[in-house]
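Structure assessment
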Amino acid sequence: MNIHILGICGTFMGGIAAIAKQLGHHVSGSDQHVYPPMSDQLALLGIDIHQGYDAKPLQTAGLDQVIVGNVMTRGMPATEYLLQSSLSYVSGPGWLGEQVLRHKQVYSVAGTHGKTTTASMLAWILEDNGVEPGFLIGGVCHHFPQSARLTDSKAFVLEADEYDSAFFDKRSKFVHYHSDVVILNNLEFDHADIFQDLDAIKTQFHHLIRTIPQNGKLVVNGDDANLKALLKMGCWTPVVTFGSNQQSDYWVKADGDDARHFSVYHQSGLLAQVSWQITGQHNQLNALAAMLAAKRAGISMQAAADSLGRFQNVKRRMELIGEARGIHIYDDFAHHPTAIETTLAGLKAVSQGRTIAVLEPRSNSMRAGVHAQALPAALSGCDHAYVMIYPELDWDDEIKVKLADQCVILESVDALLGRLKTDLQSEDQVVFMSNGSFDDAPRRLLKRLKQS
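Summarised in this report is the structure supplied together with it. (Residues numbered from 1 in each chain as written. Predicted model: local features only at pLDDT ≥ 70, side-chain atom pairs only at ≥ 80, totals over all residues. Heavy atoms only, no water.)

Some remarks on the sheet that holds strand β17 (residues 269-275)
Read across the open sheet, the 10 strands follow the order β8-β7-β9-β6-β12-β13-β14-β15-β16-β17; overall the sheet is mixed. On the outer flanks of this sheet lie β8 (148-149) and β17, each paired with one strand and no other. Packed on one face of the sheet, helix α6 (residues 198-210) meets β6 (105-110), β12 (181-184) and β13 (217-221) and runs near 155 degrees to β12. Running over the sheet, helix α9 (residues 301-308) touches β15 (250-254), β16 (261-266) and β17 and is turned about 15 degrees from β17. (Pairing = 2+ DSSP bridges. Helix = DSSP H or I, 4+ residues; strand = E, 2+ residues; numbered from the N terminus. Contact = heavy atoms within 4.5 Å. Axes fitted to C-alpha atoms, helices over the stretch in contact; angles between N-to-C directions.)

Considering unusual backbone geometry
Notably, E132 is not glycine yet its phi reads approximately 55 degrees, a positive angle. Despite not being glycine, D440 shows a phi value in the positive range, around 55 degrees. Looking at the secondary structure, you find D440 in the loop between β23 (429-433) and α15 (441-451). Residue class for D440 comes out partly exposed when judged on its relative accessible area of 36%. (Buried < 20%, exposed > 50% of the residue type's maximum accessible area, 1.4 Å probe, protein only.)

Considering the pairing of strand β5 (residues 88-91)
Two elements, strand β4 (residues 65-68) and β5, share four bridges in a ladder whose sense is parallel. Bridging across to β5, Q65 finds its partner in S88. Once you follow β4 into helix α3 (residues 77-84) and on to β5, the crossover reads as right-handed. (Right-handed = clockwise from strand over helix to strand, strands pointing away.)

Quick notes on the pattern of salt bridges
Enumeration over the complete set of coordinates arrives at 14 salt bridges. Across the salt bridge formed by K170 and D164, the nearest N and O atoms sit 2.5 Å from each other. Overall, D164 belongs to the buried group, its relative accessible area being 5%. In this structure, the salt-bridge partner of R443 is D331, at a minimum N-O distance of 3.6 Å. Here D331 lies in strand β19 (residues 327-332) and R443 lies in helix α15, a separation of 112 residues in the sequence. Residue class for R443 comes out partly exposed when judged on its relative accessible area of 35%. Salt bridges linked by common partners bring D331, D440 and R443 together as one network. (Salt bridge = Lys/Arg side-chain N within 4 Å of Asp/Glu carboxyl O.)

Concerning the packing of aromatic side chains
Between two aromatic rings, the relevant description is the distance of the centres plus the angle of the planes. Under the definition given, this model contains seven aromatic pairs. Ring centres of Y89 and F168 lie 5.1 Å apart, and the angle between their planes is 70 degrees; this geometry places the pair in the edge-to-face category. On the criterion of sequence distance, the pair formed by Y89 in strand β5 and F168 in the loop between β10 (164-166) and β11 (169-172) is long-range, its members being 79 residues apart. By relative accessible area, F168 is classed as partly exposed at 35%. When the centroid spacing of 5.1 Å and the interplanar angle of 70 degrees are considered together, the rings of F174 and F205 count as edge-to-face. Taken together, the residues F174 in the loop between β11 and β12 and F205 in helix α6 connect sequence positions 31 residues apart. The same class applies to F174 and to F205, which are both buried. Three or more aromatic residues joined by ring pairs form one cluster here, namely Y89, F167 and F168. (Phe/Tyr/Trp six-rings, centres within 6.5 Å; stacked < 30°, edge-to-face > 60°.)

As for the packing of helix α8 (residues 281-294) against α9
Here α8 crosses α9 at 135 degrees, and the two axes come no closer than 9 Å. By the angle class used here, α8 and α9 are oblique. Crossing of α8 against α9: the hand is right-handed. When α8 is examined against α9, the residues A287, L288, M291 and L292 are found in contact with a partner set consisting of M301, A304, A305 and L308. Considering only residue class, the contact of α8 with α9 consists of eight nonpolar, no polar and no charged. (Parallel < 35°, antiparallel > 145°, perpendicular 65-115°, else oblique. Left-handed = near helix turned anticlockwise from the far one by under 90°. Nonpolar A, V, L, I, M, F, W, Y, C, P; charged D, E, K, R; others polar.)

Regarding the nonpolar core
Counting residues in hydrophobic clusters, the biggest one holds 46 residues, and the most contacted among them are I5, I16, I19, W95, L96, L136 and L184. Per element, the largest residue contribution to this core is seven residues, and it comes from helix α1 (residues 11-22). By size, the runner-up hydrophobic cluster in this structure holds 43 residues, among which are M121, V181, Y250 and A304. (Core = buried A, V, L, I, M, F, W, Y, C linked by side-chain atoms within 4.5 Å.)

Some details on helix α5 (residues 115-128)
Given a rise of 1.5 Å per residue, 14 residues ought to cover 20 Å, and the 20 Å separating the end C-alpha atoms of α5 matches this to within 8%. Counting buried positions along α5 yields 12 of 14 residues, so the element is predominantly enclosed. Within α5 the residues assigned to the buried category are K115, T116, T117, T118, A119, S120, M121, L122, A123, W124, I125 and L126. The inward-facing, buried residues of α5 contact β6, β7 (134-136), β9 (155-159), β12, α8 and α9. Looking one or two residues past α5, G130 carries a phi angle of roughly 85 degrees, positive in sign. (Expected span 1.5 Å × (residues − 1).)

Quick look at the structure:
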């Protein structure tokens with residue numbers, strides 16, 4: 001089949017492209033914003049990418065189907081041509097659910113934070129224990145050459161996003177997935193461009209719960225009050241909880257002062273111990289969720305713990321870019337205040353020098369100013385912070401003033417790099433946080449430091 005994917009360079013749609021290619025289809029795509037790691041992955045797959053959203057690729061003779069990403073909107077030339085044509089079209093989640101997932105044992109990871117990391121941990125645990133799962137993850141894990149693959153295994157691990165499916169299907173992606181085992185990591189307000197409030201998000205998450213069979217499994221963060229409220233809306237699937245204390249069925253506890261060693265407990269006692277290089281209690285909880293989901297595949301808690309000891313994190317999740325002049329530079333995807341706060345806390349717990357935060361408010365919610373009020377508190381855990389506030393950001397002056405009291409405010413990446421080169425000192429730990437390209441700022445800084 002000849003398939004064209006609109007919005008192919010998003011992490012999810014790029015994964016769809018990889019799976020469609022593996023199924024033997026001829027795949028091409030269109031997009032406007034092309035940058036690594038997805039652009040590199042698509043190039044390795046030999047997939048041609050058309051720059052822009054004009055209608056020309058849809059006019060190709062022999063095109064059988066169009067898979068539409070949620071970046072596409074009414075008014076785009078490609079969208080208007082598609083609707084006026086007789087071409088067959090489907091959303092990315094709809095295609096994946098019908099063509100792949102209804103034939104699989106689906107392990108879905110949902111929640112506001114930690115989906116990519118937790119899904120990667122789960123995929124690695126299954127892989128390391130001989131299950132060889134298929135997967136589609138919103139990032140590139142160091143254990144796998146690409147973000148998505150299809151295998152003969154019944155197991156399929158999926159990052160289950162609550163974002164809408166397409167311009168013609170405003171349901172969350174995850175309702176399409178025929179999930180059997182679902183991890184619910186946490187639940188907060190986000191995606192203000194499509195959700196009016198937290199209750200609107202809860203409604204979509206409850207739609208997900210309605211799709212899980214009675215012989216399935218729900219792995220739920222017992223620390224999260226919003227998830228507790230969600231389950232009270234109705235649940236028809238066995239639930240196991242995880243958390244930071246014994247109020248949950250399973251819980252984690254750091255071993256001593258080093259956050260890179262922790263133990264897993266159940267009411268029956270100690271079950272497993274993990275030693276790894278990943279920072280932060282939030283990642284310990286992610287790990288525990290993945291371990292509990294892996295039990296469905298017959299993997300013991302200690303076997304899963306041993307696998308996690310060999311786990312290498314996902315690209316752009318506290319990814320160490322390099323070191324120069326004694327300064328360590330990290331690239332991270334954190335873009336919600338809670339994720340920013342926990343990321344900085346995890347880094348500070350293992351740092352000898354100063355913890356430096358560099359934030360680009362890039363998500364739709366951030367750019368709209370929805371989370372701006374929470375930023376000062378989220379950044380309070382670092383030693384110094386730099387925040388990009390571009391002129392087009394429509395934020396209240398009060399927030400800008402408050403941020404300026406504790407942060408360095410800049411309006412361009414060039415100005416940022418110049419200031420950092422002057423301000424940084426040996427043993428600093430610098431983490432760049434953005435869910436966009438950030439104009440390749442982490443690598444550009446590393447290059448400047450090495451040249452000085």
